[in-house]
Amino acid sequence: MSARESGLKDTGIPISEATVSDFFALLKPRVMALAVFTAFVGLMVAPGVMNPVIAVIAIGAIAVGAGAAGALNMWYDADIDALMSRTSKRPVPSGRVTPGEALGFGLVLSVLAIMTLGVLVGWLAASLLAFTIFFYVIIYTMWLKRSTPQNIVIGGAAGALPPVIGWAAATGAVGVESLVLFMIIFLWTPPHFWALALFKIGDYAAAGIPMMPNVAGQVSTRKQIFVYSLILAPIGVLPWAVGFASGLFGIVSAALGAGFIWHAWKLLVDKRRAEEMKRAKALFAYSIFYLFAIFAVLLADTVAMRAVMSAGN
């Protein structure tokens, strides 16, 4: 033990044993990556040309805000995270980061992200980011998650807002197009998380979280997943129907939606327990691919259309 460490302990000042990687894990990097990517697409498909430096600042602030929401979620959910195999090794339940550190970290990042976005980009985008953090932490994490099987249905609004924030950062407004992107993510969220809940049903039961399979049963959940896939597939084609994507995007998005329906149908009709779990895992994996693919194709489509228009001029 160093003299400095000994002196700090003698004075009663606590020493954090958390590493940089522990604090990075608090940000929920995989969830943050999804939020950042969809926000970036929202910003890029918005009309007009945005200053590249301001665009980078906007995406950075949205990333920090998404990470802050993840840290606050981990702070509050540490008790139930400790009961589930999927989350028990997270920084707070494992003891690598104290609850106070996670709370302080999340609050500081929240304020930093909102103020940066407001001062340097625009207050509409900053307000939307603030609402997203509030909705995810207060409405979803603290209330809906532990009280209703519709938790992920309503709470999915928080995860669907990043492209709207990106659009608002670029235009200073909320367009119909950004609301279409919101609806794609909003309708994607329940089947995505219910597929996960089907093969992690024991975890949610142990933690006392009323996920749909634990409350309504697995048969009902499979039916609801299929219904959502039928609604999601045509909504995924809306960027073309509304007019801010090409016919090629329409064809690709329709094919992606058909794949989603196929996976949901196989999950619905296969009644064998072992196969059901395989089908649920396959749908969960495909749902991640679907969302990234549909936004990636939209981004590529936008860049291509603008290149063609620029060449024509």
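Model, not experiment: these values are computed from the prediction.

J.: Could you clarify how one ought to interpret the environment of Leu 128 in this entry?
T.: The residue Leu 128 is located in helix H7 (residues 123–147) in this model. Note on Leu 128: relative accessible area 15%, which makes it buried. Counting along the chain gives 16 residues from Leu 128 to Leu 112, while the straight-line C-alpha distance between them is 15 Å.

J.: Would you explain the layout of surface pockets in this entry?
T.: Each pocket or cavity is described by its volume, and for the largest pocket that value is around 1,200 Å³. Forming the boundary of the largest pocket are 50 residues, of which Lys 28, Arg 30, Val 31, Tyr 136 and Phe 193 lie nearest the centre. Sorting the residues of the lining of the largest pocket by element identifies helix H3 (29–45), helix H4 (52–76), H7, helix H8 (151–160), helix H9 (162–171), helix H10 (176–199) and helix H16 (273–312) as the ones contributing at least two each. Within the lining of the largest pocket, the residues separate by chemical class into 32 nonpolar, 12 polar and six charged. Approximately 160 Å³ is the volume attributed to the second largest pocket. Lining the second largest pocket are Leu 43, Met 44, Ala 46, Pro 47, Gly 48, Val 49, Met 50, Pro 52, Ala 55, Val 56, Ala 170 and Arg 306. Where the lining of the second largest pocket is concerned, the elements lending two or more residues are H3 and H4. Taken together, the residues of the lining of the second largest pocket sort by class into 10 nonpolar, one polar and one charged.

J.: Explain the side chain of Thr 132 to me, please; I cannot follow it from the model alone.
T.: Tracing the sequence through the fold places Thr 132 in helix H7. Not counting chain neighbours up to four residues away, the residues in contact with Thr 132 comprise Ala 158, Leu 161 and Ile 165.

J.: Explanation requested: the pattern of salt bridges in the structure shown.
T.: Side-chain pairing between opposite charges can occur once the charged atoms of the two side chains come close. Scanning the entire structure with this criterion turns up six salt bridges. Across the pair Arg 90 and Asp 81 runs a salt bridge, and its minimum N-O distance is 3.2 Å. Across the pair, Asp 81 and Arg 90 agree in class, each one buried. Because the salt bridges share partners, they merge into one network encompassing Asp 77, Asp 79, Lys 145 and Arg 146.

J.: Can you help me understand unusual backbone geometry in this one?
T.: It is generally the case that most residues other than glycine have a negative phi and that most peptide bonds are trans. Phi is positive for Lys 28, close to 50 degrees, though the residue is something other than glycine. Along the chain, the position of Lys 28 falls in the loop between helix H2 (20–26) and H3.

J.: Would you explain the nonpolar core in this entry?
T.: It is characteristic of soluble globular proteins that their nonpolar side chains tend to be buried jointly. In terms of nonpolar packing, the biggest core is built from 83 residues, with Leu 117, Ile 184, Trp 194, Tyr 290, Phe 295 and Leu 298 touching the most fellow members. Per-element accounting of this core gives the leading share, 13 residues, to H10. Residues within four places of Leu 117 in sequence aside, it is in contact with Ala 58, Ala 61, Ile 62, Gly 122, Ala 125, Ala 126, Leu 129 and Ile 165. Listed in part, the eight residues of the second largest apolar core include Ala 18, Ala 71, Met 74 and Ala 102.

J.: Looking at this model, I keep getting lost on the packing of aromatic side chains. Mind explaining?
T.: Aromatic rings considered in pairs are described by the distance between their centres and by the relative angle of their planes. What the rule picks out here adds up to 12 aromatic pairs. A ring pair is formed by Phe 131 and Phe 135, whose centres lie 5.7 Å apart and whose planes are at 45 degrees; its orientation type is tilted. Of the two residues, Phe 131 and Phe 135 both sit in helix H7, four residues apart, roughly one turn of that helix. What makes Phe 131 partly exposed here is its relative accessible area of 42%. An angle of 80 degrees between the planes, with centres 5.4 Å apart, marks the rings of Phe 260 and Tyr 290 as edge-to-face. One end of the pair, Phe 260, is in helix H15 (residues 247–269); the other, Tyr 290, is in helix H16, with 30 residues separating them in the sequence. Pairwise contacts between aromatic rings join Phe 260, Tyr 286, Phe 289 and Tyr 290 into one cluster.

Reading guide: rules and limits
- Residues numbered from 1 in each chain as written.
- Predicted model: local features only at pLDDT ≥ 70, side-chain atom pairs only at ≥ 80, totals over all residues.
- Heavy atoms only, no water.
- Helix = DSSP H or I, 4+ residues; strand = E, 2+ residues; numbered from the N terminus.
- Buried < 20%, exposed > 50% of the residue type's maximum accessible area, 1.4 Å probe, protein only.
- 1 Å grid on protein atoms, 1.4 Å probe; cavity = no way out; pocket = protein on both sides within 12 Å on 5 of 7 lines; lining within 4 Å.
- Points joined across faces, edges and corners; volume = space filled by probe spheres on them.
- Nonpolar A, V, L, I, M, F, W, Y, C, P; charged D, E, K, R; others polar.
- Contact = heavy atoms within 4.5 Å.
- Salt bridge = Lys/Arg side-chain N within 4 Å of Asp/Glu carboxyl O.
- Core = buried A, V, L, I, M, F, W, Y, C linked by side-chain atoms within 4.5 Å.
- Phe/Tyr/Trp six-rings, centres within 6.5 Å; stacked < 30°, edge-to-face > 60°.

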